[in-house]
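Listed here are the chains, written in short residue letters.
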Amino acid sequence: MKALIVDDEKHVREAIKLLVDWNSYGIEDIYEARDGIEATELIGRLQPELVFTDMMMPGMDGSTLLSWVASHHPGSKTIVISGHDDFQLVRGAVKSGSVDYILKPIDPEQLNGAIAKAIEAWRAEERERAMSRAVHIELNQLKPVYLEQYFSSVLSEPGAQGGWPPAVLRELRLAAPVPLVRAAVASLSLSAPGIREKFPGDQELMFFALTNICNEILLEREAGYAFRYWGKEQELVLLFWGECAGAPSLIGDIREAIMLAMKASFDFGLGQPAAFPSDALNSYRQARLALLRRNVLSRSSDHVVSFDDTGNKRGATLLSFHDHEEQLRFAVQSGNSDQLRRALDAWFAVIEGSGHLSFEGLLDWREHFERTKAIWLGESDGGDTVPAAKPATSEEKLLQGKEDETKSRDNGLSTTRPLPLHPSGGFHYEAWKEAVTEEMETISKLLSSADKEKGIIHEIALFLEQHAHEDITLQDVASRFFLSREYISRKFKQEMNENVSDYIAGIRMKRAKELLGNASLRISQIAEQVGFQDEKYFSKVFKKWTGCTPGDYRKQHYGGR
């Protein structure tokens, strides 16, 4: 806390400083001013909790200063110390909210009593101010959450919402219910990777920033509302009021604002107008389907794709993979890298020649390829032939959200094997081709090895040994070697007689034992070097493996060095 002593006489200021045990009141900084003018400058800059003032001073007197404090900094508590026992002065001080009016010469007991009273009053008011701020912050935080919950329930539970709640209309500044809405969807799974790097581990903050940018434009123009869809973790949904023929232009402004603020880009799918709330889900599904069916090979600069443009353009089913599957299988089994690349180049040429490739097609292909790969690697009991791909359902069935058709696509946008994207956003076709080639070559190496399972497991074991100090997961290993987690877990246990997590722990413990011989290293440093951020957890694991703590182990084996 801070205090300011205002008096034109230096000896009075010094007396006040000497008569008070400031630390007992929690006052750490004490400032001085010679008159009211100097005091106003200091109060405005320092905002002291306590102000002592004389009444008769040159320039600006005490009465004027008290009035100024009451108007400009009412949080400060004031105490008058004056040599004038004048009724009007006392009355003015009381009207300005002064805690006490003390006459000179100063009575130490009266002075300290006044300070205690002033501090108590300030703390009581500060508690009220803090409570008021907390309530205000909580209400402001709850408002977007309430709106997100409302609009998410409209999409996830059609019919559950009978109409527009009055509270929603008030928050959105709508004079009357809107009968129609038009939905747009952007997926963070299909956005520039850089945007997630700006908010590492804090998806809540990322969505808060994105929706704020969108709603600055939408609410200012009274055109709609943006929210995170609770039914899909990675989706940002925009609802435009009415038929909104200008939705593409509005989305363009929003994309520019996001690019300016976050240096990131999004593509949006746009549905058709639909009755709200009864049919809003249909517009959302159209927007999502438009985004999934966007032609990622197109060089068009239009980043807003409407359902009108994509509704009947499903694209080549499975990227023509069926027609090239036999040639690819022979090339993979040959173990010849050049032959494999020629077979893949022929397939890629067909895709590029068609001129159309969509996210939906990529997801269809990935689902089919995973089944095919399982058969090639002997992980499936599906027989000698690849099961036929599910026939494309009708547009009507897809839009109605039938479980057998949409479930894989809902999961597809957040697949554990993400689609390669340009740093600025958009599908990276060349990177995808390279990733597919690398995956095929890995499969080919596995198949051409006489002891492929043993070989790959020992490769994984070597990889784990080299990276044991890192925070590595089974999914990281699966992605690195293009194998399923289940396959690695099962084969690793068969080959190494222990599971992956125990193998990593064993490597870490072996290294920890070696490092304990270095007396210059603290236990916390050793824990960090072998991959533990928490020293207590490291000690717990070490004791479980060795039967003693790291400190005891050091004493037993290295004589406490």
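Within any chain, residue numbers begin from 1 and follow the written order of that chain's sequence. Selection of residues for local features in this predicted model requires a pLDDT of at least 70, selection of side-chain atom pairs for listing and counting requires 80 or more, and totals for whole chains, interfaces and linings are taken over all residues. Side-chain measures here rest on the full set of heavy atoms in the structure, leaving out hydrogens and waters.

**Comments concerning the overall build of the protein chain**
Let me state the cut-off plainly: Strands here mean DSSP runs of E at least two residues long; helices mean DSSP runs of H or I at least four residues long; both are numbered from the N terminus. Only the protein chains shown count as covering a residue, and every accessible area follows the Shrake-Rupley method with a 1.4 Å probe.
Within the protein chain one finds 24 helices and 11 strands. About 28,600 Å² of surface is accessible on the protein chain, with carbon and sulfur atoms providing 49% of the total.

**Quick notes on the sheet that holds strand E3 (residues 50-53)**
To keep it simple, the criterion reads: Strands were regarded as paired on the criterion that DSSP finds at least two bridges between them. Axes, fitted as lines to C-alpha atoms, cover a helix only where it is in contact. Angles between the N-to-C directions of the axes lie from 0 to 180 degrees. What makes two residues a contact is simply this: any of their non-hydrogen atoms within 4.5 Å.
Within the open sheet, the 5 strands sit side by side as E2-E1-E3-E4-E5. Their pairing is parallel. Bordering the open sheet on either side are strand E2 (29-33) and strand E5 (100-103), each of which pairs with just one other strand. Averaged over all neighbouring strand pairs, the angle between strand axes comes to 20°, with direction disregarded. Pairing of E3 with strand E4 (residues 77-82), which is carried by 4 bridges, proceeds in the parallel orientation. Bridge pairing in E4 places Phe 52 opposite Ile 79. Against the sheet, helix H1 (residues 10-19) makes contact with strand E1 (2-6), E2 and E4, and its axis sits at roughly 165° relative to E2, the strand it touches most.

**Brief notes about helix H17 (residues 429-448)**
The periodicity of an α-helix, 3.6 residues per turn, causes residues three or four places apart in sequence to face the same way. Rule in force here: Between the first and last residue of a helix there are one fewer steps than residues, each counted as 1.5 Å, and that sum is the expected span. Three exposure classes are used, based on accessible area relative to the maximum for each residue type with a 1.4 Å probe and protein chains only: buried under 20%, partly exposed in between, and exposed over 50%.
End to end, H17 covers 28 Å across 20 residues, agreeing with the expected 28 Å (1.5 Å per residue, within 8%). Residues Tyr 429, Trp 432, Lys 433, Val 436, Thr 437, Glu 439, Met 440, Glu 441, Thr 442, Ile 443, Ser 444 and Leu 446 constitute the buried set of H17.

**Some remarks on the environment of Glu 325**
By the element assignment, Glu 325 lies in helix H12 (residues 321-334). You can call Glu 325 buried: its relative accessible area is 12%.

**Let's talk about the confidence of the model for the protein chain**
Rules: Here pLDDT means the predictor's own confidence in every residue, given as a number from 0 to 100.
The predicted model of the protein chain averages 82 in pLDDT, with 84% of residues at 70 or higher. Averaged pLDDT values for the elements of the protein chain fall to 35 in helix H15 (residues 395-399) and rise to 95 in strand E8 (residues 235-241). This stretch, residues 136-142, has a pLDDT under 50; its non-local contacts, to residues over four places away or in other chains, come to 0 contacts. Overall, residues 382-416 carries pLDDT values under 50, and its contacts beyond four positions in sequence, including any with other chains, amount to 55 contacts.

**Structural notes on the pattern of salt bridges**
Under the convention used in this document: Take a side-chain nitrogen of Lys or Arg and a carboxyl oxygen of Asp or Glu: if they are within 4 Å of each other, that pair is a salt bridge.
This model, assessed by the stated rule, comprises 25 salt bridges. When salt bridges with common partners are traced through the structure, they connect Lys 10, Arg 13, Glu 14, Lys 17 and Glu 32 into a single cluster.

**Examining the nonpolar core**
Our working definition: In this description, a nonpolar core means a group of buried Ala, Val, Leu, Ile, Met, Phe, Trp, Tyr and Cys residues linked to one another through side-chain atoms lying within 4.5 Å.
By size, the foremost hydrophobic cluster in this structure holds 74 residues, and its most contacted members are Phe 151, Trp 164, Trp 241, Trp 432, Met 440 and Ile 460. Among all residues touching Phe 151, those that are not within four sequence positions of it are Trp 164, Val 168, Leu 172, Tyr 225, Phe 227, Leu 239, Trp 241 and Phe 276. With 30 residues, the next largest nonpolar core counts Ala 186, Phe 199, Leu 218 and Ile 258 among its residues.

**With respect to the packing of H12 against helix H14 (residues 359-376)**
Heads up, the rule is: In this scheme, a crossing is called left-handed if the near helix is turned counterclockwise away from the far one by less than a right angle; it is called right-handed if the turn is clockwise. Under the grouping applied here, Gly and all other residues not named as nonpolar or charged are polar, the nonpolar ones being Ala, Val, Leu, Ile, Met, Phe, Trp, Tyr, Cys and Pro and the charged ones Asp, Glu, Lys and Arg.
At a closest axis distance of 12 Å, the pairing of H12 and H14 adopts a crossing angle of 35°. The element H12 and its partner H14 pack so that their crossing is right-handed. The segment H12 lies against H14, with Phe 321, His 322, Glu 325, Leu 328, Arg 329 and Val 332 engaging Trp 365, His 368, Phe 369, Thr 372 and Trp 376. Taken together, the residues of the contact of H12 with H14 sort by class into 6 nonpolar, 3 polar and 2 charged.

**Remarks on the packing of helix H19 (residues 474-481) against helix H20 (residues 485-496)**
Selection rule: Roughly parallel here means an angle under 35 degrees, roughly antiparallel means over 145, roughly perpendicular means 65 to 115, and every remaining angle is called oblique.
Two numbers describe how H19 lies on H20: the axes approach to 9 Å, and their chain directions differ by 100°. Classified by the interaxial angle, the pair formed by H19 and H20 is roughly perpendicular. Where H19 abuts H20, its residues Leu 474, Gln 475, Val 477 and Ala 478 lie against Arg 485, Ile 488 and Ser 489. Its residues assigned to classes, the contact of H19 with H20 shows 4 nonpolar, 2 polar and 1 charged.

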